[in-house]
Every structure is written in C-alpha cells, then in structure tokens.
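One-letter residues, chain by chain:
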Amino acid sequence: MATINDVAAKAGVSTATVSRTLNGKSTVDPVLAARVQAAAAELGYHPNGLARNLRRQETAVLALIISDVENPFFTAIARGVEDIAQTAGYSVVLCNADDNEEKERRYIDVALQERVAGVVLSPTGRATNVDRLTERGTPVVAVDRPLLKNTGDQVLVDTRLAARDATQHLLDGGYRRVACVSGPPGVRTAEDRLAGYTDAVGEENALTRRAEFRAEGGRLAALSLLDEPEPPDALLVGNSTMTIGVLEALAARGLRSGQDVGIVSFDDAPWTTLIDPPLTVVAQPANEVGRVAAELLLARISDSTRKATTTTLQAKLIVRRSSRRD
C-alpha cells in the first residue's frame, strides 16, 4: 500500500506539499499540485482520513446510540440520521444499547475514546448521563426520549396527545373497556403514552399493564389483562414489537382483533398492513426525527454556542380494521 512518502518521492516534492495538495489547499503551486495528483493516482494512494482527523482530535464520524435495533421505529430514525450525515460527509456508527443502561454507558465511553464529532442518543431511561460527553465538548442530540437534565438539543414526538386521541378513537368506536399495555416505569415515552390513555378514560377507569418494550412483554401483559374478571374489549399497545406478543395472546385465546378486541398500536411497522385485519396504528415520523436530529447535531458541531432547542413533532392516527367491529 502506497504511503504519503511514496507519493512525495514520485512527484519530487515534500510530504507537506502532498498533504496540502490532497487536502485541497489553494496555496500549492498548480504545477506541483498536478504532479502530486498524478503520482497519487498512479500509486493508488488515498489519504487516511481517520488518522488525519485523529491528529486534529476529532473524526468525521457520528455515533448513533439507539435503544433497540430490532424495533422498526429506531431503524427508521437511523436511516434519517444517516441520510443527512452522508450528505454532509460524515459516517455514522450504529450502537444498539438494547435498553440496557450499562451497554449505553459503554457506548458513550467508546464515543469518547474514538473522538466522534457528535452523538445522537435515544436515552435508555432516567439513569442516562451524558455529562462526560458535554464536559469533553462532544455535542449530543437526544431523540424520542428526553434527557433528564435537558442537556443539548432534543427531537421528540408528542406521544401523550397521540395516546389520548388513539384511546378516544376506540371509545368512539363503541369499545367500552379500553386497557393500555405500556412500557416499563421510568421510560418517558412509556409514561407519556400511559398518561395520554388515562387522559381519555379517566383515572377511575384505567386498566393497565407495564412490560418491557418486547414481544414477550406484550404477550404476558395481554394474557394478564384477558384474565381479569372483566377483561378489556380494546387495547392500546405501546409499540409495534409489543403488539406482536399481544396478537399472539389473542390468537391463543381464540380472539380476533377488531371483532372481539379492538387494537391500536404505536408505530406503523411494515407488517401492520399485511395481517388480517390490518392494524390501526399511531404513526410516528421516525425518519423525520432522525433527519432533524442530524441537522441539529451538524449545526451544533459548526457552532457550539447555539442555544439548545427542543423540537416536538406530531404523530398521526391511521385507522384500519383492527379498531372496528364491522
């Protein structure tokens, strides 16, 4: 593999001239620059961008630390981040915290060690701490879930309002005992969705179960609700992964969504229109969340004095047959 010294020797110039030429500096004599470009092309030499940036104490890399790579909501966020980052000349390293605080801390350590230019983070919960990043001057943008200390920029979705509207949709459709399967305590999105549900049904009528944002959590929560003396006739479910488990529980009890138990799920996963009946969903603008977060992060990298902002996007209820009895 050719080195910068090889290029300098072939072009008959100093390594400093090679470096300035390949970094696009306009101070290099055009004749010398042409010799350098020709030598580099003939030798197949490509500058080591990572090493060069490390000498400047930064890399043209963004870290994206998400809660669950298996959740289509977070993969859509990742796509939005990458689309913007690539256009701006940045690469994105994806880190799956798996809703595990220890894994999240390790990935934050990796981001510091690798001197990434910035971090987009979906916090795992209340214990998330980005002080080490901010103390080092590494910009952070939180997505989906806010940071406890409101550190840096945030891009959120108003899921409390969305949960209230989804629950009201079930009530307006003739369902009378609507329950909520929400995520674990301490996770802001789970708390917001539970609060929005309660806004619609009232504290005295609330029937809830908390579980991990996983299929098995949804299945066990749904079975528990169906074992109630007065089981629910409709369910608001915290995310699409949990809904897979909820549908498994209904099938195990011989119940059909819509006709027997109305279902509205957060997140419009690709499979939601392929089942029978198709699933009514609260569609969150996940790709837009990622794009806005990346734009904010790049702006923060360019100007660290910018005032921190919170951008709140709106979700959309998409009505399909799982929330209708007809």
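No experiment lies behind these values; they were computed from the predicted model shown.

Further remarks concern the packing of helix H1 (residues 4-11) against helix H2 (residues 15-22). Here H1 crosses H2 at 105°, and the two axes come no closer than 8 Å. Taken together, the axis directions place H1 and H2 in an arrangement best described as roughly perpendicular. Facing H1, whose interface residues are Ile-4, Asn-5, Val-7 and Ala-8, H2 presents Thr-15, Val-18 and Ser-19. Split by residue class, the contact of H1 with H2 holds four nonpolar, three polar and no charged.

Moving on, we come to the domain arrangement of the protein chain. Along its sequence, the protein chain is carved into domain 1 (4-47), domain 2 (54-157 + 286-313) and domain 3 (159-284). Computed from C-alpha coordinates alone, the two centres of domain 1 and domain 3 are separated by 63 Å.

The subject of this paragraph is the sheet that holds strand S6 (residues 178-182). The six strands are arranged S7-S6-S8-S9-S10-S12 in an open sheet whose pairing can be described as mixed. Edge positions in the open sheet fall to strand S7 (208-210) and strand S12 (316-318), since each of these has one partner strand only. Strand-to-strand twist across the sheet, computed as the mean angle between neighbouring axes with direction ignored, equals 15°. Where strand S9 (residues 262-266) and strand S10 (residues 280-283) come together, three bridges link them in parallel fashion.

Quick look at the pattern of salt bridges now. One pass over the full model with this rule turns up 23 salt bridges. Two residues, Arg-214 and Asp-68, come together in a salt bridge whose shortest N-O distance is 3.3 Å. In this pair, Arg-214 is assigned in the loop between S7 and helix H10 (215-226) and Asp-68 in the loop between strand S1 (61-66) and helix H5 (72-87), connecting sequence segments 146 residues apart. Taking relative accessible area as the criterion, Arg-214 reaches 24% and is therefore assigned partly exposed. Taken together, the shared-partner salt bridges connect Asp-68, Asp-98 and Arg-214 into one network.

In this description, an aromatic ring pair is defined by two values, namely the gap between the centres and the angle between the planes. All told, the structure shown has one aromatic pair when counted by the stated rule. Aromatic side chains Phe-73 and Phe-74 sit 5.2 Å apart centroid to centroid with 70° between the ring planes, which places their arrangement in the edge-to-face category.

This brings us to helix H12 (residues 286-302). For H12, built from 17 residues, the straight-helix expectation of 24 Å at 1.5 Å per residue is met to within 8% by its first-to-last C-alpha distance of 25 Å. Of the positions making up H12, those classed as buried are Ala-286, Val-289, Gly-290, Val-292, Ala-293, Ala-294, Leu-296, Leu-297, Leu-298 and Arg-300. Each element contacted by the buried residues of H12 is listed here: S1, H5, strand S3 (118-121), strand S4 (140-143), strand S5 (153-157) and strand S11 (310-313).

This part covers the packing of H10 against helix H11 (residues 240-252). At a closest axis distance of 6 Å, the pairing of H10 and H11 adopts a crossing angle of 45°. As the angle between them shows, H10 and H11 are arranged oblique. As H10 runs across H11, the sense of the crossing is right-handed. Here Ala-215, Gly-218, Arg-219, Ala-222, Leu-223 and Leu-226 of H10 lie close against H11, whose contacting residues are Thr-241, Met-242, Ile-244, Gly-245, Val-246, Glu-248, Ala-249 and Leu-250. Class assignment of the residues belonging to the contact of H10 with H11 gives a composition of nine nonpolar, three polar and two charged.

So, about the pairing of S4. Burial along S4 is two-sided: the face carrying Val-140 and Ala-142 and the face carrying Val-141 and Val-143 are both buried. The pairing of S3 with S4 spans three bridges and is classified as parallel. Note that in S4 the partner of Val-119 across the bridge is Val-140. Both S4 and S5 contribute to a ladder of three bridges, which runs parallel. In the strand pairing of S5, Val-143 is matched with Val-155.

Turning our attention to the side chain of Asn-96. Here Asn-96 is to be found in strand S2 (residues 91-96). With relative accessibility at 18%, the residue Asn-96 sits in the buried group. A polar contact is formed between the side chain of Asn-96 and the backbone nitrogen of Val-69, at a distance of 3.0 Å. At a separation of 3.3 Å, a polar atom in the side chain of Asn-96 contacts the main-chain amide nitrogen of Asp-98.

How each quantity is defined
Residues numbered from 1 in each chain as written. Predicted model: local features only at pLDDT ≥ 70, side-chain atom pairs only at ≥ 80, totals over all residues. Heavy atoms only, no water. Axes fitted to C-alpha atoms, helices over the stretch in contact; angles between N-to-C directions. Helix = DSSP H or I, 4+ residues; strand = E, 2+ residues; numbered from the N terminus. Parallel < 35°, antiparallel > 145°, perpendicular 65-115°, else oblique. Contact = heavy atoms within 4.5 Å. Nonpolar A, V, L, I, M, F, W, Y, C, P; charged D, E, K, R; others polar. Domains from an automatic or database assignment. Pairing = 2+ DSSP bridges. Salt bridge = Lys/Arg side-chain N within 4 Å of Asp/Glu carboxyl O. Buried < 20%, exposed > 50% of the residue type's maximum accessible area, 1.4 Å probe, protein only. Phe/Tyr/Trp six-rings, centres within 6.5 Å; stacked < 30°, edge-to-face > 60°. Expected span 1.5 Å × (residues − 1). Left-handed = near helix turned anticlockwise from the far one by under 90°. Polar contact = N/O pair within 3.5 Å; in protein donor to acceptor, adjacent residues only side chain to side chain.

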